[in-house]
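One-letter residues, chain by chain:
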Amino acid sequence: MVFNAFPSAIFVKSKRKRDVFMKEKKAYAGIVITGAVIGLIAVVLVALGNPKNMGFCIACFLRDIAGATKLHSAAVVQYFRPEVVGLVVGAMAMAMIGKEFSPKGGSAPAIRFFLGAFVMIGALVFLGCPLRMVLRLGGGDLNAVVGLLGFAVGILIGIFFLNKGFTLKRTYKLPKSEAFALPVALVFLFVLVLIVPSLFAFSENGPGSMHAPIIIALIAGLVVGALCQKSRMCMVAGIRDLVMFKDFKLLLGFITIFVAALIGNLVTGNFHLGFAGQPIAHSVHLWNFMGMLIVGLGSVLLGGCPLRQLILTGEGNTDSAVTVLGYIVGAAFAHNFGLAGAAASAESIGGPSVNGKVAVIIGLVVMLAVAALNTAKANKNS
Amino acid sequence: MANKEIVDARGLSCPQPVLMTKKAVEKGGSQYEVLVDNGTAKENVTRFAANAGFKVTVQEDGEDYRLILSK
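What you are looking at is a predicted structure, and each value in this text was computed from that prediction instead of being measured.

Attention now moves to the overall build of chain B. Counting its secondary structure elements, chain B contains two helices and four strands. Secondary structure of chain B in N-to-C order comes out as β-α-β-α-β-β. C-alpha extents for chain B along the principal axes are approximately 30 × 20 × 15 Å. Looking at chain B as a whole, 55% of its 71 residues qualify as buried. Only carbon and sulfur atoms are counted for the fraction: they give 47% of the accessible area of chain B, which is about 3,200 Å². Charge separation in chain B, taken as the distance between the mean sites of 10 positive and 10 negative side-chain charges, equals 8 Å.

With that settled, consider helix α12 (residues 306–315) of chain A. All names here are of chain A. Where burial is concerned, most of α12 is hidden: 10 out of the 10 residues are buried. Within the span of α12, buried status applies to Pro-306, Leu-307, Arg-308, Gln-309, Leu-310, Ile-311, Leu-312, Thr-313, Gly-314 and Glu-315. Looking one or two residues beyond α12, the residue adopting positive phi is Gly-316, at roughly 105 degrees.

Right, let's talk about the interface of chain B and chain A for a bit. Across the contact, 23 residues belong to chain B and 23 residues belong to chain A. Summed over both sides, the interface between chain B and chain A buries roughly 2,100 Å², with carbon and sulfur atoms accounting for 45% of that surface. Counting every contact that joins chain B to chain A gives five salt bridges. Ionic pairing is found between Lys104(A) and Asp37(B), a salt bridge with its closest N-O pair at 3.8 Å. Linking chain B with chain A are eight residue pairs in polar contact (both at pLDDT 80 or more), by the criterion used here. When contributions to the side of chain B that touches chain A are tallied by element, the ones reaching two or more residues are α1 (16–25) and α2 (39–51) of chain B. Per element, the largest residue contribution to the side of chain B that touches chain A is seven residues, and it comes from α2(B).

Attention now goes to the layout of surface pockets. Residue and element names in this part refer to chain B. Looking at the second largest pocket, its volume works out to about 340 Å³. Lining of the second largest pocket is provided by 17 residues; of these, Leu-12, Gln-16, Leu-19, Met-20 and Lys-23 occupy positions nearest its centre. Elements that contribute at least two residues to the lining of the second largest pocket include exactly β1 (5–8) and α1. Of the residues contributing to the lining of the second largest pocket, the split by class is eight nonpolar, three polar and six charged.

All right, on to unusual backbone geometry then. Glycine aside, the phi torsion of most residues is negative, and most peptide linkages are trans. Across the junction of Cys14(B) and Pro15(B), the peptide omega takes the value 15 degrees, indicating a cis bond. Summarising the element assignment, Pro15(B) is placed in the loop between β1 and α1. A positive phi angle, close to 80 degrees, is found at Leu127(A), a residue other than glycine. Within the secondary structure, Leu127(A) is located in the loop between α4 (109–126) and α5 (130–138). By relative accessible area, Leu127(A) is classed as buried at 7%. Not every positive phi belongs to a glycine, and Lys169(A) is a case in point at roughly 70 degrees. With respect to the helices, strands and loops of the structure, Lys169(A) is situated in the loop between α6 (143–164) and β2 (172–173).

All names here are of chain B. Counting buried positions over the six residues of strand β2 (residues 31–36) gives six, a clear majority of the element. With four bridges joining them, β1 and β2 adopt parallel strand pairing. If you follow Ile-6 over to β2, its bridge partner there is Glu-33. Here six bridges tie β2 to strand β4 (residues 64–70), and the two strands are oriented antiparallel to one another. Bridge pairing in β4 places Val-34 opposite Leu-67.

Strand pairing in a sheet is mediated by backbone hydrogen bonds. Such pairs are either parallel or antiparallel. Residue and element names in this part refer to chain B. Taken in spatial order, the four strands line up as β1-β2-β4-β3 in an open sheet, and their pairing is mixed. In this open sheet, the two strands that pair with only one neighbour each are β1 and β3 (55–61). This sheet shows a mean twist of 20 degrees between the axes of neighbouring strands, independent of strand direction. Taken together, the seven bridges between β3 and β4 define a ladder with antiparallel strand orientation. Paired with Lys-55 across the strands is Ser-70, a residue of β4. Against the sheet, α1 touches β1, β2 and β4, its axis set at about 160 degrees to β1. Strands in contact with α2 are β2, β3 and β4; relative to β4, the strand with the most contacts, it is inclined by about 5 degrees.

Here is what the cut-offs are and how they apply
Residues numbered from 1 in each chain as written. Chains lettered and ligands numbered in written order. Predicted model: local features only at pLDDT ≥ 70, side-chain atom pairs only at ≥ 80, totals over all residues. Heavy atoms only, no water. Helix = DSSP H or I, 4+ residues; strand = E, 2+ residues; numbered from the N terminus. Buried < 20%, exposed > 50% of the residue type's maximum accessible area, 1.4 Å probe, protein only. Areas by Shrake-Rupley, 256 points an atom, 1.4 Å probe, with all protein chains shown as cover. Lys, Arg positive; Asp, Glu negative; His and termini not counted. Charge placed at Lys NZ, Arg CZ, Asp CG, Glu CD. Contact = heavy atoms within 4.5 Å. Buried area = accessible area lost by both parts, 1.4 Å probe. Salt bridge = Lys/Arg side-chain N within 4 Å of Asp/Glu carboxyl O. Polar contact = N/O pair within 3.5 Å; in protein donor to acceptor, adjacent residues only side chain to side chain. 1 Å grid on protein atoms, 1.4 Å probe; cavity = no way out; pocket = protein on both sides within 12 Å on 5 of 7 lines; lining within 4 Å. Points joined across faces, edges and corners; volume = space filled by probe spheres on them. Nonpolar A, V, L, I, M, F, W, Y, C, P; charged D, E, K, R; others polar. Pairing = 2+ DSSP bridges. Axes fitted to C-alpha atoms, helices over the stretch in contact; angles between N-to-C directions.

The values are spatial; any link to function lies outside them.
In structure tokens form, the structure reads like this:
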């Protein structure tokens, strides 16, 4: 009996593990399909006109929208990106189909607004949100490796606070109209762009002038939005959950996007390995690192990357809607105050201005303060 | 029947519900009830608990989910 107990115990344990794996196979398949579709659609959008390595970039797209609506006047980054409208509406449709559309909010909205603004500033110093960082990696841009290191360090700092009890407190159920506010506003603006384009600003050159056809961009957003809602794709949660819970599901999505973009770029001839001469990027390493560090930290405090915040907005989460508004205002500040990193060019190595560096430091201080204040409180209460 | 500890994670988004479950489970009990109010938390807590060796049953409770963990 005793002799037999040990092997059978191991057998039971491994069988249970296998059952768990089988049950989760669908979830893993979902995240892999989503990652592959995002990576490939991103390459297609670039082939059809989007700036290089910018098939999707939530930070860049929201910055362009801020420009199109004249919240800032940087002439090269003004375009109303249909992908953003598609992502939110696609996520909303999928959430409604899956009975997951649930209007809620009230978890520190003002704090989230400012965290969102600083995440955006960090992303624009680096020149890309976490999703574009992965797409840049897939294009061979080694500056994105530096960004990834900063991003990971930011996430680790965030995890430190989470483990200490950091929380922005719970959400509450809200009336439906709250959940529809931002999605409806986005759709309204988009329709207005189509009917009365003269109201808006559109770049004549630079990244803002480069875009895929409107209908294709919109469909791409709808498809990716729906898939991301279903699969919970999130660039920040991938690394976070691996470190905190040894859960690699979401990291699998991150890796699949990279692999799909890599293959797509190799096929279309857009893969160029190196630091120099990368599209819309600079090689000022310290600030690539620092920019993505505050993106990682801020996004852990917010509970998700910019892509995820758009998807949650579609699900009816008004805290995420407020975060998205924070991103847009952060983008406007970034360009009105010259905070964004400049892309390297023949004349300049690019990178952020002094103002941009100071803004990243202020962002880091604000995030650490928010994290510390909301951790200490949680400890006192418990 | 051992005491069933209740983890109320309603209104919270991940990773908090998983973190709360993890902290509770680390105390070494064998029966837990985790309350969450969103699909993501339901999936994540289920995955975490299953990996930690619990059998998980999900009950829908209005707009909330009640996850029964046992081993």
